[in-house]
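Chain by chain, the residues run as shown.
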Amino acid sequence: MDNKIKFEMKDVNLYYGDFHALKNVNLAVPEKEITAFIGPSGCGKSTLLKSLNRMNDLVEGCKITGDFLLDGEDIYDKRMDINKLRKRVGMVFQKPNPFPMSIYDNIAYGPRTHGIKNKTELDGIVEEALKNAAIWDECKDRLKKSALGMSGGQQQRLCIARALAVQPEILLMDEPTSALDPISTSKIEDLAIELKEKYTIVIVTHNMQQATRISDQTAFFLLGEVVEMNQTEKLFSMPQDKRTEDYITGRFG
Ligand SMILES: Nc1ncnc2c1ncn2[C@@H]1O[C@H](COP(=O)(O)OP(=O)(O)OP(=O)(O)O)[C@@H](O)[C@H]1O
Ligand SMILES: [Mg+2]
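Residues numbered from 1 in each chain as written. Chains lettered and ligands numbered in written order. Predicted model: local features only at pLDDT ≥ 70, side-chain atom pairs only at ≥ 80, totals over all residues. Heavy atoms only, no water.

**Some thoughts on the state of the cysteines**
Then, number 1: For the structure on display, the rule yields 0 disulfides.
Then, number 2: Unpaired in terms of disulfides, Cys43 finds its nearest cysteine sulfur in Cys62, a separation of 16 Å. (Disulfide = S-S within 2.5 Å.)

Here's what the structure looks like:
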């Protein structure tokens, strides 16, 4: 871990009502690297990811304690502007979720809500975001067509482009390829590796090959706890905890 810490979680606990979903989580996410969250279903990966841009604020009965420091600033501080936070911390979900509007408008939506109205400027943003998400060539001739007419893999890259269009610093991706074929998956993996030059990426994946292919460090979760966090190569080649070893070798459960 050579890069500076972008996001730091200290003694994080999260409750959904009485259910203790995250337990004393301490994690550091280095800037411009890819951090992977792995672990069995229900262990809290999405819960932690969503906490990083305060998506859990919308969940009734959700209570969070501990610190989430973004560039040293607590994102749960009452002075934190949530709209600005969500602009800085973008998110891509498991199922591609384009808005039911044109490809162009999907990308322009975020910048417009942040006050950009000039057509030439928006055109430039749309083109750049689509290029950065490696989808420009496939859709430059159909920008005014509905995004819903794209394939699943194209839609997912569109959603990445939409997230990039507001110039975030961090990109959260929750199982972004689990609904995709191997070719689209490989495109998104290549894309993630390219994007880390400019962005800090946190990706949840059930695919351990994917974690080893693209991530710099990996955190293994179990029952709401981070059992182990290490450089990806080390975590997979020399797990320190028996539970990590059992999981990555498929002996879990
Ligand atoms: N809104 C909610 N209200 C109550 N409980 C929830 C809520 N969201 C998640 N949980 C519970 O918190 C735990 C962690 O869920 P989470 O979605 O973070 O798991 P996950 O690791 O992402 O699993 P998966 O790999 O299946 O996506 C689960 O037991 C889940 O049932
Ligand atoms: Mg999940």
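**Structural notes on the nonpolar core**
Then, number 1: Counting residues in hydrophobic clusters, the biggest one holds 45 residues, and the most contacted among them are Leu130, Ile160 and Leu171.
Then, number 2: Other than its neighbours up to four places away in sequence, Leu130 contacts Ile103, Ile107, Ile135, Trp136, Cys139, Leu143, Leu158 and Ala161.
Then, number 3: Counting 27 residues, the second-largest nonpolar core is a separate cluster that includes Ala21, Leu48, Leu52 and Phe68. (Core = buried A, V, L, I, M, F, W, Y, C linked by side-chain atoms within 4.5 Å. Buried < 20%, exposed > 50% of the residue type's maximum accessible area, 1.4 Å probe, protein only. Contact = heavy atoms within 4.5 Å.)

**A closer look at the sheet that holds strand 10 (residues 225-231)**
Then, number 1: With mixed pairing, the 6 strands of this open sheet are ordered in space as 6-7-8-3-9-10. Of all the strands in the sheet, just strand 6 (89-92) and strand 10 have a single pairing partner and so form its edges. When strand polarity is set aside, the average angle formed by the axes of neighbouring strands in this sheet is 15°.
Then, number 2: Bridging between strand 7 (residues 170-174) and strand 8 (residues 200-204) involves 5 bridges; their strand directions are parallel. When the sheet's bridge partners are listed, Asp174 is paired in strand 8 with Val204.
Then, number 3: Contacting strand 6 and strand 7, helix 6 (residues 152-164) crosses the sheet at an angle of about 170° to strand 6. (Pairing = 2+ DSSP bridges. Helix = DSSP H or I, 4+ residues; strand = E, 2+ residues; numbered from the N terminus. Axes fitted to C-alpha atoms, helices over the stretch in contact; angles between N-to-C directions.)

**A few points about the side chain of Gln156**
Then, number 1: Tracing the chain through its elements places Gln156 in helix 6.
Then, number 2: Residue classification places Gln156 among the buried positions, given a relative accessible area of 0%.
Then, number 3: Once residues within four sequence positions are removed from consideration, Gln156 is found in contact with Val92, Phe93, Gln94, Pro96, Pro176, Leu180 and Ile188.

**Observations regarding the packing of helix 6 against helix 7 (residues 182-195)**
Then, number 1: Axis separation between helix 6 and helix 7 bottoms out at 9 Å; the angle between their running directions is 20°. Between helix 6 and helix 7, the angle is such that the two are roughly parallel. Helix 7 is crossed by helix 6, and the crossing has right-handed handedness. Residues Gly153, Gln156, Arg157, Ile160 and Leu164 of helix 6 pack against Ser184, Lys187, Ile188, Leu191 and Leu195 of helix 7. (Parallel < 35°, antiparallel > 145°, perpendicular 65-115°, else oblique. Left-handed = near helix turned anticlockwise from the far one by under 90°.)

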